[in-house]
Amino acid sequence: AFRSVLTPRQERRPWWFRMFSARLLAGLRRAARVIAVSHATAAELRTLRAVEQDRQCVIPNGIHPVYAAPVSDAGRDELEQAAGPANGTELLHVG
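What counts, and at which threshold
For every chain, the first residue of the written sequence is number 1, and numbering continues from 1 onward in sequence order. With the structure being a predicted model, the display of local features is reserved for residues of pLDDT at least 70 and the display and counting of side-chain atom pairs for 80 or more, all residues being used for whole-chain, interface and lining totals. Hydrogens and waters are ignored; side-chain quantities use all the structure's heavy atoms. Strands are runs of DSSP state E lasting at least 2 residues, helices are runs of H or I lasting at least 4, and numbering of each runs from the N terminus. Only protein chains enter the accessibility calculation, which uses a 1.4 Å probe. A residue is then buried if its area is under 20% of the maximum for its type, exposed if over 50%, and partly exposed in between. Between N or O atoms, a polar contact is any pair within 3.5 Å; within protein, one atom must be a potential hydrogen donor and the other a potential acceptor, and residues adjacent in sequence are included only when both atoms are from side chains. pLDDT expresses how confident the predictor is about each individual residue, on a scale running from 0 to 100. Here the expected length of a helix is defined as 1.5 Å per residue gap, with one fewer gap than residues. The arc in question is formed by the directions pointing from the helix axis toward the C-beta atoms. When a carboxyl oxygen of Asp or Glu lies within 4 Å of a side-chain nitrogen of Lys or Arg, that pair is called a salt bridge.

1. Quick notes on the environment of S21
Here is step 1: Note on placement: S21 falls in helix α2 (residues 15-30).
Here is step 2: Spatially, the C-alpha atoms of S21 and V5 are 6.8 Å apart, while their sequence positions differ by 16 residues.

So, in structure tokens, the structure goes:
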């Protein structure tokens, strides 16, 4: 999104998109800390000179290993009784 503001000739977008991106970029530059979801995202923010490294923190999306421990057979049976068999059911998290 910020490329449309920082390199408009390479990333052509409508005027309203550029205005919105410019406001977001200004907010990022004023923020005390910026959380990126990956090291690649953090590196891109540095490359684009949007956020200095000392104000960045990388917190990946995902499940902490403590919550991803293997489930015992008894636990799996209990879960299947409560939620149904694990047959490709998907979980959606929004937010």
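2. Section: the side chain of Q56
Here is step 1: Within the element layout of this structure, Q56 appears in strand β2 (residues 56-58).
Here is step 2: By relative accessible area, Q56 is classed as buried at 10%.
Here is step 3: For Q56, the side chain forms a polar contact with the main-chain oxygen of V51, separated by 3.3 Å.

3. Side note on unusual backbone geometry
Here is step 1: Its identity as a non-glycine residue notwithstanding, R49 has a phi of 60°, on the positive side.
Here is step 2: On the basis of relative accessibility, which here comes to 71%, the residue R49 falls in the exposed class.

4. Thoughts on the confidence of the model for the protein
Here is step 1: In this model, the protein carries a mean pLDDT of 79, and residues with pLDDT of at least 70 account for 84%.
Here is step 2: β2 holds the highest mean pLDDT among the elements of the protein, 88, whereas helix α1 (residues 3-6) holds the lowest, 73.

5. Topic: α2
Here is step 1: The terminal C-alpha atoms of α2 lie 23 Å apart, and with 16 residues this matches the ideal 22 Å at 1.5 Å per residue to within 8%.
Here is step 2: Inspection of α2 places F17, S21, L25 and L28 among the buried residues, and these make up the whole buried set. The buried residues of α2 occupy an angular sector of 65° when the element is viewed end-on, so they sit on one face. In α2, the exposed residues that point more than 90 degrees away from the buried face are W15, W16, M19, F20, R23 and R30.

6. Description of the pattern of salt bridges
Pairs may arise between side chains of opposite charge once their charged atoms sit close together.
Here is step 1: Inspection of the entire model under this criterion finds three salt bridges.
Here is step 2: The shortest N-O distance in the salt bridge between E11 and R13 comes to 3.0 Å.
Here is step 3: E11 gets classed as partly exposed once you look at its relative accessible area, which sits at 22%.
Here is step 4: Since its relative accessible area comes to 34%, R13 is described here as partly exposed.
Here is step 5: Residue R76 pairs with D73 through a salt bridge whose shortest N-O separation is 3.8 Å. With R76 and D73 both in helix α4 (residues 73-83), this residue pair falls three residues apart, about one helical turn.

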